[in-house]
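Examining the three-dimensional arrangement
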Amino acid sequence: MGSPARRRFAGAVPAGLVATLLVGLVTGCSDDGGGAPAATTSAAPRPSLPVAPGGTFGYAASRETDPDPLTLNEIFGRSRFKSHGRSYKMTVREMEKKDCKNAVTGEKLQKALKAAGCNQLARASFHDAKGTVIGTVGVANLKTSKGAKSVAGAGAGKERKDYLKPLAGDDDHTKELGDGEAYAGGWTHGHYAILLWFQFKDGHAPKKAELKRLYQAAVDITDATVFTALDTRSVRGGRG
């Protein structure tokens, strides 16, 4: 099974703009030609724009600065899409709330989710155009970036015992999810952990060259769905 170390970096986060207060100097004159005392007036203060948090992930670095709950329509709102000419279809989606442990397998990963304060874990399953490659993507909403890294790394090791629980659909393709060998692992984006399960429909153990195909499908799908939404959160601190 694979163990991806890929990290998705958000685009540049615009810095906030600070309003400048202009001070005007007004000089008056008296009838006898004497100089009147100088008086100063200030323009009304302009409201300053909020300053985005620094760092790679902007607002999405923490749930404190990115408080809006995830929605399925936000991260898994596209049922059919293409990425670099490759076509994919989503067949099923589900949101696990409060008790995220039901969406994963393995005590170590379950404990990591609890320790990181997981309050949502969304899953969706996909297949490619021919139905040969099938997979499930999960997004866990955690308190901090540190917690997300702990969750994403919980399944690391030569023999993987902790992983995202594949979500089987009722179609002819993704109904086979969970039956066979898979490419499983995790990435992060700020306080979110993106968990993966990708396999071939027939369940055979992928050879080294075939792992690239599973990995490519995972990249295509998450770039078109999950990371598009999370990049928005990095910049805006919410669903936008």
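Per chain, residues are indexed from 1 in the order of the written sequence. Local features are withheld for residues below a pLDDT of 70 in this predicted model, meaning they are given only at 70 or higher, and side-chain atom pairs are given and counted only at 80 or more; totals for whole chains, interfaces and linings count all residues. Heavy atoms from the whole structure form the basis of all side-chain values; hydrogens and water molecules are not counted.

In an α-helix, one turn spans 3.6 residues; hence positions three or four apart end up facing the same way. Looking at helix α3 (residues 145-152), one finds that the buried residues are Ser145, Gly147, Ala148, Val151 and Ala152. Projection of α3 onto a plane perpendicular to its axis shows the buried side chains occupying an angular sector of 155°, all on one side. Seen from the buried face of α3, the exposed residues on the opposite side, beyond 90 degrees, are Lys146 and Lys149. Throughout, a contact is declared for two residues whenever any of their heavy atoms are within 4.5 Å. The numbering of helices and of strands both runs from the N terminus, where a helix is a DSSP run of H or I of at least 4 residues and a strand a run of E of at least 2. Looking at the packing, one finds that the buried side of α3 touches α2 (107-115), β9 (182-189) and β10 (192-200). Only protein chains enter the accessibility calculation, which uses a 1.4 Å probe. A residue is then buried if its area is under 20% of the maximum for its type, exposed if over 50%, and partly exposed in between. In this description, one arc is meant: the one made by directions from the helix axis to the C-beta atoms.

We now examine the packing of aromatic side chains. Between 30 and 60 degrees the pair is tilted, below 30 it is stacked and above 60 it is edge-to-face, where a pair is any two Phe, Tyr or Trp rings, Trp via its six-membered ring, whose centres lie within 6.5 Å. A full pass over the atoms with the stated rule returns 7 aromatic pairs. Residues Phe81 and Phe126 carry aromatic rings whose centres are separated by 6.1 Å and whose planes lie at 70° to one another, so their mutual orientation is edge-to-face. On the criterion of sequence distance, the pair formed by Phe81 in strand β3 (residues 80-83) and Phe126 in strand β6 (residues 120-128) is long-range, its members being 45 residues apart. For the pair shown, Phe81 and Phe126 are each scored as buried. Every member of this aromatic cluster is reached through a ring pair, and the members are Phe76, Phe81, Tyr88 and Phe126.

What follows deals with the pairing of strand β7 (residues 133-141). Extensive coverage of β7 is indicated by the burial of 9 of its 9 residues. Of the two faces of β7, the one holding Val133, Gly135, Val137, Val139 and Asn141 and the one holding Ile134, Thr136, Gly138 and Ala140 are both buried throughout. Strands are labelled as partners when DSSP assigns at least two bridges between them. Pairing analysis gives 8 bridges linking β6 to β7, with the strands arranged antiparallel. Its bridge partner being in β7, Leu121 is matched across the sheet by Ala140. In sequence, β6 turns back onto β7 through a hairpin of 4 residues, with Gly131 there showing a positive phi of about 75°. Here 9 bridges tie β7 to β10, and the two strands are oriented antiparallel to one another.

Spatially, 6 strands are ordered β3-β4-β6-β7-β10-β9 in an open sheet, and the strand pairing comes out antiparallel. Of all the strands in the sheet, the pair left with one neighbour each is β3 and β9. Averaged over all pairs of adjacent strands, the angle between their axes in this sheet comes to 25°, without regard to strand direction. Relative to strand β4 (residues 86-97), β3 runs antiparallel, the two being bridged by 4 bridges. Each bridged residue has a counterpart across the sheet, and for Arg80 the counterpart in β4 is Lys89. Fitting a line to C-alpha atoms yields each axis, with helices limited to the stretch in contact; the angle taken between N-to-C directions then spans 0 to 180 degrees.

This part covers the packing of helix α4 (residues 208-224) against helix α5 (residues 226-236). It is the contact of α4 with α5, at a shortest axis distance of 3 Å, that shows an interaxial angle of 45°. Between α4 and α5, the interaxial angle falls into the category oblique. Within the contact between the two elements, α4 uses Ile221, Thr222, Asp223 and Ala224 and α5 uses Val226, Phe227 and Thr228. Classes in brief: Ala, Val, Leu, Ile, Met, Phe, Trp, Tyr, Cys and Pro nonpolar; Asp, Glu, Lys and Arg charged; the others, Gly included, polar. Its residues assigned to classes, the contact of α4 with α5 comprises 4 nonpolar, 2 polar and 1 charged. When an angle is under 35 degrees it counts as roughly parallel; over 145 it counts as roughly antiparallel; between 65 and 115 it counts as roughly perpendicular; any other value is oblique.

Below, the discussion takes up the confidence of the model for the protein chain. The quantity called pLDDT is the predictor's confidence in a given residue, expressed from 0 to 100. Per-residue confidence for the protein chain gives a mean pLDDT of 82; residues scoring 70 or more make up 76%. The low-confidence segment residues 1-43, where pLDDT is below 50, has 77 contacts with residues more than four positions distant or belonging to other chains.

Turning to α5, a few remarks are in order. For α5, the set of buried residues is Val226, Phe227, Ala229, Leu230, Asp231, Arg233 and Ser234. Buried residues belonging to α5 abut α1 (72-75), β7, β9, β10 and α4. Downstream of α5 by one or two residues, Gly237 has phi in the positive range, about 75°.

Turning our attention to unusual backbone geometry. One non-glycine residue, His84, lies in positive phi territory at about 55°. Structurally, the position occupied by His84 is in the loop between β3 and β4. By relative accessible area, His84 is classed as exposed at 70%. Residues other than glycine seldom take positive phi values, yet Lys98 does so here, at roughly 65°. One can find Lys98 in the loop between β4 and β5 (104-105). You can call Lys98 exposed: its relative accessible area is 75%.

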